[in-house]
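The lines below spell out each chain.
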Amino acid sequence: MSASIEIDNVTKRYGALTVLEDISLSIEAGEFVVFLGPSGCGKSTLLRMIAGLEDVTAGTISVAGQRVDTLPPGKRGVAMVFQSYALYPHMTVKQNMSFGLENIGMARDEIERRVLSAAETLEIGHLLDRKPQKLSGGQRQRVAIGRAIVKEPKAFLFDEPLSNLDAALRGRTRLELAQLHHRLGSTMIFVTHDQVEAMTLADRIVIMNARKIEQIGTPMDVYQRPASKFVAGFIGSPAMNFLDVETWTQHADGLSVTTAGLGRVETGLHVPATAQPKGATLGIRAEDLTVVPQSGMGHALTAEVVERLGDRSLVYGVLDDGTKLVVEADGRSVIKAGDRLIVSADPTAFHLFGADGRAFPREAH
Ligand SMILES: Nc1ncnc2c1ncn2[C@@H]1O[C@H](COP(=O)(O)OP(=O)(O)OP(=O)(O)O)[C@@H](O)[C@H]1O
Ligand SMILES: [Mg+2]
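Treat the numbers as computed from the prediction; the structure is a model and nothing was measured.

1. Topic: the overall build of the protein
Thinking step 1. Across its full length, the protein carries eight helices and 20 strands.
Thinking step 2. Along the three orthogonal principal directions, the C-alpha set of the protein runs to about 75 × 45 × 35 Å.
Thinking step 3. For the protein, the proportion of its 365 residues judged to be buried stands at 49%.
Thinking step 4. A sequence separation of at least 24 residues applies to 64% of the contacts in the protein between residues at least 6 apart.
Thinking step 5. Accessible surface computed for the protein: about 17,100 Å², of which carbon and sulfur atoms make up 51%.

Rendered as structure tokens:
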């Protein structure tokens, strides 16, 4: 009950407006893939094209090796769960879950079997006779998932299904969804602009921006080896620090990079001989910067705002040239606004992006 999904050179245009351009993506059977990106980047559109709710302008989509972009939604073997659960208010939970199956003329006892089994999986068996207005947001959400499960689809498509839930319930439902995926083993595509959801749920994340896929990778891939400045700035909280590169010099053991903020730093990175420092950006995450004792070696930083998160503190400060920098400090640290600190950077943790925004990978020699 799980299928691969193949998206080949798919383009979507609304009149003169190109929303997605030449998108290709292979999803393995049983994989949990998350589409992540800023609002308006085309996540829902791509999902809706897989579901059959939008036509493709060009390209093909296949499910389990069979081309589906020419088939109506009901014939594609996929089930979609929406952000607005779209339950029928006058029907009970059980009727809401049965309705789609009755419509295709499925036998009564088979419908009964599927609804009861889905209700058990989702722990909503005690709610079957209730109407949606007497359910909490989280319960409605599970009914909407139940309605998808009873179809026994080859793939589930979720469009921001958790965004109407409060923070605590959202976290719990996220875990339940991960367990559900584990239990059903179905292919799942999940759209979100919440990077925590993406990082925790995904086998692979597809990061989208401006009509294109920026990077496809495991959560750790996209976090540790962002392929572009966009991905580096989008994944991770707080966002990665970026510094404009002034010059660099190549040595056998890596590149010395000079920025106004940090002066000259050794990065251990290698770039092609033709690469130019003009327009390049040096990146480093807050967690790869450490506050060291006043007598230590490092960069002088004046703290402006300190965010205390309990387990850690985030120090937002400014370097002597005016460059802003956020640094992670211990949760028990007593740093306060106005303090002058010495900050040192982990030399193995620098990222470097060319003028075109693409990363120079650490592995490249
Ligand atoms: N029917 C339509 N006609 C014209 N433009 C559309 C239509 N539907 C969507 N768009 C445009 O396509 C782009 C992608 O929309 P889409 O809904 O896929 O974004 P999204 O990534 O899901 O954003 P969000 O995170 O806000 O849900 C947007 O710029 C949107 O304005
Ligand atoms: Mg959307």
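There's plenty left to go through after this.
2. Some words on the sheet that holds strand 15 (residues 289–292)
Thinking step 1. Here five strands make up an open sheet; going across it, the order is 15-19-16-17-18 and the pairing antiparallel. Because the sheet does not close on itself, it has two edges, and the strands there are strand 15 and strand 18 (324–330). Averaged over all pairs of adjacent strands, the angle between their axes in this sheet comes to 50°, without regard to strand direction.

3. Some thoughts on the sheet that holds strand 2 (residues 17–27)
Thinking step 1. If you walk across this open sheet you meet the four strands as 2-1-4-5, and the pairing is antiparallel. Whereas interior strands pair on both sides, the edge strands pair on one side only; in this sheet they are strand 2 and strand 5 (66–67).
Thinking step 2. Note that strand 1 (residues 5–14) and strand 4 (residues 58–63) share five bridges and pair antiparallel. The partner of Ile7 across the bridge, within strand 4, is Ile61.
Thinking step 3. Its contacts with the sheet place helix 1 (residues 43–51) against strand 1, strand 2 and strand 4, and it is angled at close to 120° to strand 1.

4. Topic: the packing of helix 2 (residues 93–103) against helix 3 (residues 108–122)
Thinking step 1. Where helix 2 contacts helix 3, the axes come no closer than 10 Å and their chain directions differ by 135°. The pairing of helix 2 with helix 3 is recorded here as oblique in orientation. Here helix 2 runs over helix 3; the crossing is right-handed. Contact with helix 2, carried on its side by Lys94, Met97, Ser98, Leu101 and Glu102, involves Arg108, Ile111, Glu112, Arg114, Val115, Ala118 and Ala119 of helix 3 and no other residues of that element.

5. Notes on the packing of helix 4 (residues 137–149) against helix 5 (residues 167–184)
Thinking step 1. Helix 5 packs onto helix 4 with a crossing angle of 20° between their chain directions and a minimal axis gap of 11 Å. Relative to helix 5, the element helix 4 lies roughly parallel. At the point where helix 4 passes helix 5, the crossing takes the right-handed sense. Along its contact with helix 4, which presents Gly138, Gln141, Arg142, Ile145 and Ile149, the element helix 5 presents Leu169, Thr173, Glu176, Leu177, Leu180 and Leu184.
Thinking step 2. Its residues assigned to classes, the contact of helix 4 with helix 5 shows six nonpolar, three polar and two charged.

6. Structural notes on the domain arrangement of the protein
Thinking step 1. Examined at the domain level, the protein breaks down into domain 1 (5–228) and domain 2 (234–353).
Thinking step 2. One C-alpha centre belongs to domain 1, the other to domain 2; they are set 39 Å apart.
Thinking step 3. Surface buried jointly by domain 1 and domain 2 totals about 840 Å² across both partners, of which 68% is contributed by carbon and sulfur atoms.
Thinking step 4. Contact with domain 2 buries area across many residues of domain 1, yet Gln195, Tyr223 and Pro226 alone supply 58% of it, more than any other trio.
Thinking step 5. If you look at where domain 1 meets domain 2, you find zero salt bridges.
Thinking step 6. Applying the counting criterion to the domain 1 and domain 2 interface returns three residue pairs in polar contact (both at pLDDT 80 or more).
Thinking step 7. When contributions to the side of domain 1 that touches domain 2 are tallied by element, the ones reaching two or more residues are helix 6 (195–201) and helix 7 (219–224).
Thinking step 8. If you tally residues by element for the side of domain 1 that touches domain 2, the top one is helix 7, at three residues.
Thinking step 9. Of the residues contributing to the side of domain 1 that touches domain 2, the split by class is seven nonpolar, four polar and no charged.

7. A word on the site of ligand 1
Thinking step 1. Neighbouring ligand 1 are 13 residues, the closest being Ser39, Gly40, Lys43, Ser44 and Thr45.
Thinking step 2. Note that a nitrogen atom of ligand 1 is positioned 3.4 Å from one of the side-chain N or O atoms of Tyr14.
Thinking step 3. For the shell around ligand 1, the secondary-structure elements that each account for two or more residues are strand 2 and helix 1.
Thinking step 4. Among the residues making up the shell around ligand 1, the classes are represented as five nonpolar, six polar and two charged.

8. Description of helix 4
Thinking step 1. The terminal C-alpha atoms of helix 4 lie 18 Å apart, and with 13 residues this matches the ideal 18 Å at 1.5 Å per residue to within 8%.
Thinking step 2. With ten of 13 residues buried, helix 4 is to be regarded as a mostly interior element.
Thinking step 3. Every buried residue of helix 4 is accounted for by Gly138, Gln141, Arg142, Val143, Ala144, Ile145, Gly146, Arg147, Ala148 and Ile149.
Thinking step 4. On the buried face of helix 4, the contacting elements are strand 6 (78–81), helix 2, helix 3, strand 7 (155–159) and helix 5.

Definitions and cut-offs
- Residues numbered from 1 in each chain as written.
- Chains lettered and ligands numbered in written order.
- Predicted model: local features only at pLDDT ≥ 70, side-chain atom pairs only at ≥ 80, totals over all residues.
- Heavy atoms only, no water.
- Helix = DSSP H or I, 4+ residues; strand = E, 2+ residues; numbered from the N terminus.
- Buried < 20%, exposed > 50% of the residue type's maximum accessible area, 1.4 Å probe, protein only.
- Contact = heavy atoms within 4.5 Å.
- Areas by Shrake-Rupley, 256 points an atom, 1.4 Å probe, with all protein chains shown as cover.
- Pairing = 2+ DSSP bridges.
- Axes fitted to C-alpha atoms, helices over the stretch in contact; angles between N-to-C directions.
- Parallel < 35°, antiparallel > 145°, perpendicular 65-115°, else oblique.
- Left-handed = near helix turned anticlockwise from the far one by under 90°.
- Nonpolar A, V, L, I, M, F, W, Y, C, P; charged D, E, K, R; others polar.
- Domains from an automatic or database assignment.
- Buried area = accessible area lost by both parts, 1.4 Å probe.
- Salt bridge = Lys/Arg side-chain N within 4 Å of Asp/Glu carboxyl O.
- Polar contact = N/O pair within 3.5 Å; in protein donor to acceptor, adjacent residues only side chain to side chain.
- Near = heavy atom within 4 Å.
- Expected span 1.5 Å × (residues − 1).

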